[in-house]
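# Geometric and topological summary
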Amino acid sequence: MGKKLLMKGNEALAEAAIRAGVKGYFGYPITPQSELLEYMATNLDARGGVFLQAESEVAAINMVYGASGTGTRVMTSTSSPGFSLMQEGISYMACAELPCLLVNVVRGGPGLGTIQPSQGDYFQAVKGGGHGDYKLIVLAPNSVQEMADLVYLGFDLADKYRIPTLILSDGALGQMMESVEFPEYNVEEHLVDHSSWTTIGRENGREQHYITSLHLLSEKMEEINIHLQDKYKIIQKNETRFESIQTEDADILIVAFGLSSRSSQKALELAREQGLKVGMLRPITLFPFPTDEIKHLAQIVKGILVVEMNAGQMVEDVHLSVGNNIPIDFYGRMGGMIPQPDEIVEKIKDLSKQVKI
Amino acid sequence: METTREGIVCNNLDQMDVVFERTKVLHDTPTSYCPGCGHSVAHRLIMEVIDELGILENTIGVAPVGCSVFAYHFMNVDMQQAAHGRATAVATGIKRVLPDKIVFTYQGDGDLAAIGTAETIHTINRGEKIVIIFINNGIYGMTGGQMAPTTLEGDVTSTTPQGRNTLIQGHAIKITEMAAIMDGAYYVTRQAVNSAIAVRKCKKAIKQAFQNQIDGKNGTNFVEIVSNCPSGWKMTPIEANRKIDEEVIKYYPLGDLKTPPKGA
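Below you will find a few notes about this structure. Positions within a chain are numbered from 1, following the residues in the order the chain's sequence is written. Here the convention is simple: chains get letters from A, ligands get numbers from 1, in the order in which they are written. In keeping with the model being predicted, local features are shown solely for residues with a pLDDT of at least 70 and side-chain atom pairs are shown and tallied solely at 80 or more, while totals for entire chains, interfaces and linings include all residues. Calculated side-chain values reflect all of the structure's heavy atoms, with hydrogen atoms and water omitted.

This paragraph deals with the interface of chain A and chain B. Contacts between the two partners involve 36 residues from chain A and, on the opposite side, 35 residues from chain B. Buried area is a sum: the accessible area each of two parts loses on coming together, probed at 1.4 Å, counted once for each and added. With both sides pooled, the region where chain A packs onto chain B buries about 2,800 Å², and carbon together with sulfur makes up 56% of that total. By the criterion of area lost to chain B, the three top residues of chain A are Glu-55, Arg-202 and Gln-208 of chain A, representing 22% of everything that side buries. By definition here, a salt bridge exists when the distance from a side-chain nitrogen of Lys or Arg to a carboxyl oxygen of Asp or Glu is within 4 Å. Scanning the region where chain A abuts chain B turns up four salt bridges. The closest approach of N and O atoms between Glu-55 of chain A and Arg-126 of chain B, which form a salt bridge, is 2.9 Å. In protein, a polar contact means a hydrogen-donor-capable atom and an acceptor-capable atom, both N or O and within 3.5 Å, with residues adjacent in sequence counting only if both atoms are side-chain atoms; elsewhere, any N or O pair within 3.5 Å suffices. The tally of links between chain A and chain B comes to 24 residue pairs in polar contact (both at pLDDT 80 or more). Helix numbers and strand numbers start at the N terminus; a helix is a DSSP run of H or I with at least 4 residues, a strand a run of E with at least 2. A per-element tally of the side of chain A that touches chain B places helix H3 (residues 57–68) of chain A first, with seven residues. Where strand E9 (residues 210–211) of chain A lies against strand E4 (residues 78–81) of chain B, two bridges are found, and the strand directions are parallel. Residue pairing for E4 of chain B: Ile-211 of chain A is matched across the bridge by Gln-80 of chain B. For this analysis, residues touch if any pair of their heavy atoms sits within 4.5 Å. If DSSP finds at least two bridges between two strands, the strands pair.

The following block contains the structure:
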């Protein structure tokens, strides 16, 4: 580990990407992620990469598509309305199996919404987002340190599985300053040999490579679909990541990701001070979702409280994991509002009464 | 050589001089294009140029959405298939990370001049050092003959059944003229493939465009090829080629629209 630095989340993410060997960044300004774009503009060219400000998010994601097709580590970043514009290109990349790192510093919606933090893009992130049957690997940091750490993991997983990987952040994680240490990371050791499929010219007269997402014959398209679904199953099996906090003796389990897990952890401490045995499961990967771990914990605890900064999106995946075996309650704030620890404690108390603790 | 019911039969091929060969940069396969379509000729010209310039091992093409969506099945070069209209953005991504490679796009009028207008204009405005080949046949062939941004006034298509009315559907867009006024453009030309002489001139222009990129000239090379669509126009190939001479090039005149200053 290097020395400890005080950085904004957006800047820490950008610095980590450069250290992880990103060679192409294509993006478009939008609040609250613009520091990331500006950091790349200031630093990437001088450190061996290419920065380009695109004319739109639509163009940016297609530049990423083209550059990724050469086997180069590439990325883009945006915030919610811009991420909607990128969905077309992301769908094409998912089908053509092009690796890249995507970053959505989420703001409140729908529509132009607000520039304040939100988790309202959960469905869009983990259920596909664009057209067709596909998934992204979705990583959810909850600190400036993780804004950096998950970049390395994101690139490695993208390369390993030939899949676009998304860091689902939010406006607060992007803007807030915390200390961060950048790990040792030898880029060369992590790069994957993509030469069997990249389009860089038919060197030495080798056979043609082409990148496409078009398969007009239904039999062929179904083969591709099955291949993608098989890949997602392997990812589900191998790459699920989560953090468990005081779940060993818990009666009430909080499930929260990203920024809302920070408020929830404070609420957990406050509730424990009041004698309530509360634990927390924090998914770090939203796809793959820690279904098995939640199912396991549901057999131990008496009730589950899902806390999100939206109208209730991840709670559906908790329901799918647990079924109707125990009560599942939800607390959410929207529009850029952040759930406060005391509000969450009240919900914990309500749930405790309901399950007769 | 003798003429039989099966055609002309040649018994002594090995004793004859080869005066023309199909370039191996084209796949040895039938294309999906309709008989008489200009796409096939345009494909051949580009592949011959790549062959003659010796850049096959260095070249990456970008195919669009439209009739030429399967260009990579015919052009035997490394290729990426782009989303509708996004070919020049994809090409930008390739060229920016691999600036020493030769990159070209091959796009129809709907792709380049309707849904991809923003990408087209901004790619040229940035002066991306690529070749853009723009096939203008004034119709959406792939989807069955709807109005294109370049459909001429009065022309009947499936979405202009009374003929294109400029008061309702606007004017046939002159995007090549727009390209020519941009500082990022290095070489802008409009060619055709409806006659032997036009084909020869067109090949020369394509070669110039690629040579400019090989030489690292500072800007975008844009080659419009006025083409036909016998199926979409509901004409025989001969009638379609005649329409190009009699109508299309009156509105879209052939020739160079921007050439670099001498010594540039």
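Now that the structure has been shown, the text picks up again.
Glancing now at the pairing of strand E7 (residues 164–170) of chain A. Residue and element names in this part refer to chain A. For E7, a buried count of seven out of seven residues is recorded, marking the element as mostly surrounded by other parts of the structure. Any residue under 20% of the maximum accessible area for its type is buried, any over 50% is exposed, and the rest in between are partly exposed; the area is computed with a 1.4 Å probe on protein chains only. Burial along E7 is two-sided: Pro-164, Leu-166, Leu-168 and Asp-170 facing one way and Thr-165, Ile-167 and Ser-169 facing the other are all buried. Bridge count for strand E5 (residues 100–106) against E7 is seven bridges, and the pairing is parallel. Counted as the bridge partner of Val-105 is Ser-169 from E7. Two elements, strand E6 (residues 137–139) and E7, share three bridges in a ladder whose sense is parallel. For Leu-139, the partnering residue across the bridge sits in E7 and is Ile-167.

We now examine helix H12 (residues 314–322) of chain A. Residues and elements named next belong to chain A. For H12, the full list of buried residues reads Met-314, Val-315, Asp-317, Val-318, Ser-321 and Val-322. Burial along H12 is one-sided: seen end-on, the buried residues are contained in an arc of 155°. Gly-323 sits one or two residues past H12 and shows a positive phi near 75°. Comment: arc refers to directions from the helix axis out to C-beta atoms.

Here we take up the sheet that holds strand E11 (residues 252–255) of chain A. Residue and element names in this part refer to chain A. The strand order across the open sheet built from five strands is E10-E12-E11-E14-E15, with neighbouring strands paired in mixed fashion. For this open sheet the edge positions go to strand E10 (242–245) and strand E15 (328–332), each flanked by a neighbour on one side alone. This sheet shows a mean twist of 20° between the axes of neighbouring strands, independent of strand direction. Bridge analysis of E11 against strand E14 (residues 303–308) gives four bridges, and the strand direction is parallel. When the sheet's bridge partners are listed, Ile-254 is paired in E14 with Leu-305. Axis definition: a line fit to C-alpha positions, over the contact stretch in the case of helices; interaxial angles, taken between N-to-C directions, run 0 to 180 degrees. Along the sheet, H12 contacts E11, strand E12 (278–283), E14 and E15; its crossing angle with E14, the most-contacted strand, is approximately 155°.

What follows covers the pattern of salt bridges. Two side chains of opposite charge can pair, provided their charged atoms sit close to one another. Tallying each qualifying case throughout the model produces 34 salt bridges over all chains. When salt bridges that share partners are traced, they join Arg-44, Glu-48, Glu-52, Lys-203 and Lys-207 of chain B into one network.

On to the packing of helix H1 (residues 38–53) of chain B against helix H8 (residues 196–214) of chain B, then. All names here are of chain B. Look at H1 against H8: their axes get within 9 Å of each other, and the N-to-C directions meet at 45°. Relative to H8, H1 is oriented oblique. Along this stretch, H1 crosses H8, giving a crossing that reads as right-handed. Contact residues: H1 offers Val-41, Arg-44, Leu-45, Ile-46, Glu-48, Val-49, Ile-50, Glu-52 and Leu-53, while H8 offers Val-199, Cys-202, Lys-203, Ile-206, Lys-207, Phe-210, Gln-211 and Ile-214. Each residue is assigned to one of three groups, with Ala, Val, Leu, Ile, Met, Phe, Trp, Tyr, Cys and Pro labelled nonpolar, Asp, Glu, Lys and Arg labelled charged, and all others, Gly among them, labelled polar. In the contact of H1 with H8, the residues fall into 11 nonpolar, one polar and five charged. Between 65 and 115 degrees an angle is taken as roughly perpendicular, under 35 as roughly parallel, over 145 as roughly antiparallel, and anywhere else as oblique. Put simply, a crossing is left-handed when the front helix is turned counterclockwise from the back one by less than a right angle, and right-handed when it is turned clockwise.

This next bit is on the packing of aromatic side chains. Here a pair means two rings of Phe, Tyr or Trp (six-membered ring of Trp) with centres within 6.5 Å. Their orientation is stacked below 30 degrees between planes, edge-to-face above 60, and tilted elsewhere. By the definition in use, this model includes 11 aromatic pairs over all chains. Ring geometry for Tyr-152 of chain A and Tyr-185 of chain A: centres 4.8 Å apart, planes at 50°, overall tilted. Pair noted here: Tyr-152 of chain A is in helix H6 (residues 144–161) and Tyr-185 of chain A is in the loop between strand E8 (177–180) and helix H8 (187–190), with a separation of 33 residues, a long-range link. According to the relative accessible area criterion, Tyr-152 of chain A is buried, its value standing at 4%. Members of the aromatic cluster, connected to one another through ring pairs, are Tyr-122, Phe-123 and Phe-257 of chain A. Its end group placed over the ring of Trp-197 of chain A, Arg-162 of chain A keeps NZ or CZ at 4.0 Å from the ring centre. Geometry around Trp-233 of chain B places Lys-243 of chain B over its ring, the cationic atom sitting 5.6 Å from the centre. Whether a charge sits over a ring depends on NZ of Lys or CZ of Arg being within 6 Å of the ring centre and within 35 degrees of the ring normal.

Put simply, the grid is 1 Å and covers the protein atoms alone, a cavity is a trapped set of points that fit a 1.4 Å probe, a pocket is an open set with protein on both sides within 12 Å along at least five of seven lines, and lining residues have an atom within 4 Å of a point. Grid points are joined across faces, edges and corners, and a volume is the space filled by probe spheres set on the points. According to the stated counting rule, one finds two cavities of 30 Å³ or more in the structure shown. Its boundaries defined by the atoms lining it, the largest cavity holds a volume of some 80 Å³. Surrounding the largest cavity, 13 residues form its lining, Asn-137, Gly-138, Thr-150, Trp-233 and Val-248 of chain B being those nearest its centre. For the lining of the largest cavity, a count of residues per class yields five nonpolar, six polar and two charged. There is about 30 Å³ of room inside the second largest cavity. Considering the residues around the second largest cavity, the lining is formed by Gln-119, Pro-141, Leu-168, Ser-169, Asp-170, Leu-173, Phe-257, Gly-258 and Leu-259 of chain A. Tallying contributions element by element places E7 of chain A first for the lining of the second largest cavity, with three residues.

Residue and element names in this part refer to chain A. Of the two faces of E8, only the one carrying Glu-178 and Val-180 is buried; Met-177 and Ser-179 on the other face are not. Note: strand E1 (residues 5–8) against E8, four bridges, orientation antiparallel. Within E8, the residue paired with Leu-5 across the bridge is Val-180.

The analysis is restricted to geometry; functional conclusions fall outside its scope.
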